[in-house]
Every structure is written in C-alpha cells, then in structure tokens.
Amino acid sequence: MLIQILLLLVGFLALIKGADFFVDGAASIASLLKIPTIVVGLTIVAFGTSAPEAAVSLTAALNHSNAIAISNVIGSNIFNLLAVLGITAIITKVPVPHSIVRKEFPFLLIISGLMVLFVVTGFSLNRIEGIIFLGLIIFYVVWLITDALNNRAKIEVAKPAFNFPISLLLIIGGIAGIIIGGDLVVNSAKSIALSVGLSEKLVGLTIVSIGTSLPELVTSVVAARKGNVDIAIGNIVGSNIFNILFILGLSATITPIPVEMALITDLVVMLFATGLCFFVAKLNFRLNKKDGYIFLAVFITYMAYIIVRN
C-alpha cells in the first residue's frame, strides 16, 4: 500500500512538472511564431494543463479502466469550475473577458449538455459519439484561430521566454513526464482503490481528478495575480472543452465507455457547475470573493456527497 501511495505521488509530480514544461515550451514556440496571447491561453495553455487528464484517461481507456477514464474528466471539470475558479476569485477579483462570455462559455455549456445527452440515451459513450467529439474539437480550434487572425491587429503577442531549441526540449521532456506520470497514476490509483475497497469511480472523481487538475489551479491563480485574465479564465474554459471533446472523444474512439448509473448525478453536477459559472460571469463580467466562496461551498458539498455515496 505504501509503495502504491508513493508511486501515486511520484506520478502526480511527473504529470504536474511535465505539464509545466510542456506549457512553457509550447507557449514560447507560439510566441516565436507570432501566435496571439489569447489563442495561447485558450489552446496551448488550456490543452497543456489538461495533458495530465489526457494521459490518465487515455491510459485508463487502453487498460479498460473505463470508470477512471470518464470519472476523471467529470471530476476534473467540476473541480476546475468550482474549486479553481473559486480559489482564484477569493485570492483576487477576476474580470471575465466579454469574448469568453459570448463565445467559449456558451460553447462549453452546449457540449456539456451534449455529453449528458449522449450518456443518458445509452449509458455509454460509443465510437460514433467519440468521433463527433473529435470533429467538434477540430471545429473549435479552427474557429478560435480564424477569429484571432481576423482580429490580429487588436491582439497582443507575448514575448518568447526561450529560444527554439530550449522550447522544443521543454516540450519533449514535458510529454515524457506526462506519459510516465499518467501510467503511474492510473495503475497506483487502481491498486489503492481495490486494496481499501473503494470504487474506481470514486477514486477517479476525487484523488485522480483533483491531482490532474493541479496544473489548472496553479496556472489560473498565478495568471490572475499577474493580471493575465485571458489566461486565468481561458485556461479553465479551454481545459474543460478539451477534456470533453478531445480526451473523452479519443477515449471513446479507442474503446466505447460504459457509464454507471451513479455517474449520471455527477454529470448533472458538472452541467449545473458550468451553467452556474456562466451565469455569474455573464451577470457582472467578473468573479469576486463572494462568488468564489459560493463556488467552493458547492464543491465541498459535492465532495461530501460522493464520499458518503460510495
């Protein structure tokens, strides 16, 4: 048991540092190629900080641990919206860019609803639904880049932090850390769950999902404190879009994912959290300390519920 816990911690460390290196390298290359900052926040940073979820869920799908694959995504999305945004808003007021309220947040709400619809109609995510999700992520990225290029004159391009060789080395090292960490987290979490009588579903919704969402938490808090609101909010919204469309899309395409009845409640909570954050953001175009406490209170209530449920 002790060895498995140590392997789990090592896996999380590899995931977090791997994602950190990947984001730094990718963001630097994007800057060298003159890609606008907001595109970096909504794509490279968001997708990079979601790399641990991708590694865990895809490894779980390949190992036929489907309960971890889908519960990790659901738990991560709930944690990102309620805990990450909540903590960020408590630490500092977070202005929400109008473009994210008008475009990305509604898109996230739509695909979250689509995910719930797919699951409740067949209690699974099949290959066709996975392919639909993959098609939508391609549409999203093309839409985002096209919109940014059309408004290039109004958008700031960040200065590169590293030269091209170092950036490439960070990306390669980051990917290696993510792959190794993902394998360690899935295998050790599964072993711990079985040894103490916990379900894979509960482990995926709590330990794994929170652990793999730590990059989003760190990135958003640091970005908000530095005034980079496009990255602070865009990172969360973009990560959740990536989690649903790419991670679940690819996982379901690799192997269909059966969904337990109990996860329907968690899906509804995810949809509610998405709607709540969108409503609050649209109401004032900012998140303040009061909003942060509300988000955290909802998250803590949910955590207590799923622990008791297990």
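**Concerning the overall build of the protein**
Thought 1: Secondary structure summary: the protein contains 12 helices and 4 strands in total.
Thought 2: What you see for the protein is a C-alpha radius of gyration of 18 Å, in line with the 19 Å of a compact globule of 310 residues.
Thought 3: Along the longest, intermediate and shortest principal axes, the C-alpha atoms of the protein span 55 × 45 × 40 Å.
Thought 4: Among the 310 residues that make up the protein, the fraction classed as buried is 55%.
Thought 5: In the protein, 87% of the contacts between residues at least 6 apart in sequence involve partners at least 24 apart.
Thought 6: When the accessible area of the protein is evaluated, it comes to approximately 12,900 Å², of which 73% is carbon and sulfur surface.
Thought 7: Of the side chains in the protein, 18 bear a positive and 14 a negative charge, and the two mean positions are spaced by 9 Å.

**Points about helix α11 (residues 263-284)**
Thought 1: In a regular helix each residue adds 1.5 Å, so 22 residues correspond to 32 Å; α11 covers 32 Å between its end C-alpha atoms and thus fits that length.
Thought 2: At the exit of α11 stands F285, carrying a positive phi of roughly 55°.

**Quick word on the environment of L2**
Thought 1: Tracing the backbone shows L2 in helix α1 (residues 2-32).
Thought 2: For the pair L2 and I192, spaced 190 residues apart in sequence, the C-alpha to C-alpha distance is 9.4 Å.

**Thoughts on helix α12 (residues 289-309)**
Thought 1: Spanning 21 residues, α12 covers 30 Å between terminal C-alpha atoms, matching the ideal 30 Å at 1.5 Å per step.
Thought 2: Taken as a whole, α12 has its buried residues at D291, G292, F295, F299, Y302, M303 and I306. Taken end-on, α12 shows its buried residues confined to a sector of 105°, consistent with a single buried face. In α12, the exposed positions angled more than 90 degrees off the buried face are occupied by K290, I300, T301 and V308.

**Some thoughts on the packing of α1 against helix α7 (residues 164-196)**
Thought 1: In contact at an axis separation of 6 Å, α1 and α7 are set at 155° when each is read in the N-to-C sense. What the angle tells us is that α1 and α7 run roughly antiparallel. In this structure, α1 meets α7 at a crossing whose hand is left-handed.

**Overview of the packing of α11 against α12**
Thought 1: Close contact between α11 and α12 brings their axes to 12 Å; oriented N to C, the two are set at 180°. The angle between α11 and α12 falls in the class roughly antiparallel. Mapping the contact onto sequence places T265, D266, V269, F272, L276, C277 and V280 in α11 and D291, F295, V298, Y302, Y305, I306 and R309 in α12.

**Remarks on the nonpolar core**
Thought 1: Among the nonpolar cores identified, the biggest contains 96 residues, and I70, I74, F105, M115, L125, I241 and L287 are the most heavily contacted of them.
Thought 2: It is helix α4 (residues 66-91) that provides the largest number of residues to this core, a total of 13 residues.

**Some thoughts on unusual backbone geometry**
Thought 1: A positive phi angle, near 50°, is found at F123, a position not held by glycine.
Thought 2: Positionally, F123 belongs in the loop between α5 (98-122) and β2 (124-125).
Thought 3: Look at F123 and you get partly exposed, because its relative accessible area is 37%.
Thought 4: The phi dihedral of F285 is positive, around 55°, even though this residue is not glycine.
Thought 5: With respect to the element layout, F285 can be found in the loop between α11 and β4 (286-287).
Thought 6: Given the relative accessible area of 27%, F285 is considered partly exposed.

**With respect to a nonpolar patch on the surface**
Thought 1: Together, M1, L2, I5, L6, L9, V196 and L198 give the surface a local cluster of nonpolar side chains, amounting to about 630 Å² of exposed area.
Thought 2: For the nonpolar patch, the leading source of residues is α1, giving 4 residues.
Thought 3: By secondary structure assignment, the location of M1 is in the segment before α1.

Cut-offs applied
Residues numbered from 1 in each chain as written. Predicted model: local features only at pLDDT ≥ 70, side-chain atom pairs only at ≥ 80, totals over all residues. Heavy atoms only, no water. Helix = DSSP H or I, 4+ residues; strand = E, 2+ residues; numbered from the N terminus. Rg over C-alpha atoms; globule rule 2.2 N^0.38 Å. Buried < 20%, exposed > 50% of the residue type's maximum accessible area, 1.4 Å probe, protein only. Contact = heavy atoms within 4.5 Å. Areas by Shrake-Rupley, 256 points an atom, 1.4 Å probe, with all protein chains shown as cover. Lys, Arg positive; Asp, Glu negative; His and termini not counted. Charge placed at Lys NZ, Arg CZ, Asp CG, Glu CD. Expected span 1.5 Å × (residues − 1). Arc of directions from axis to C-beta. Axes fitted to C-alpha atoms, helices over the stretch in contact; angles between N-to-C directions. Parallel < 35°, antiparallel > 145°, perpendicular 65-115°, else oblique. Left-handed = near helix turned anticlockwise from the far one by under 90°. Core = buried A, V, L, I, M, F, W, Y, C linked by side-chain atoms within 4.5 Å. Patch = residues over 30% accessible without salt bridge, like charges linked within 9 Å, V, L, I, M, F, W, Y side chains within 5 Å. Salt bridge = Lys/Arg side-chain N within 4 Å of Asp/Glu carboxyl O.

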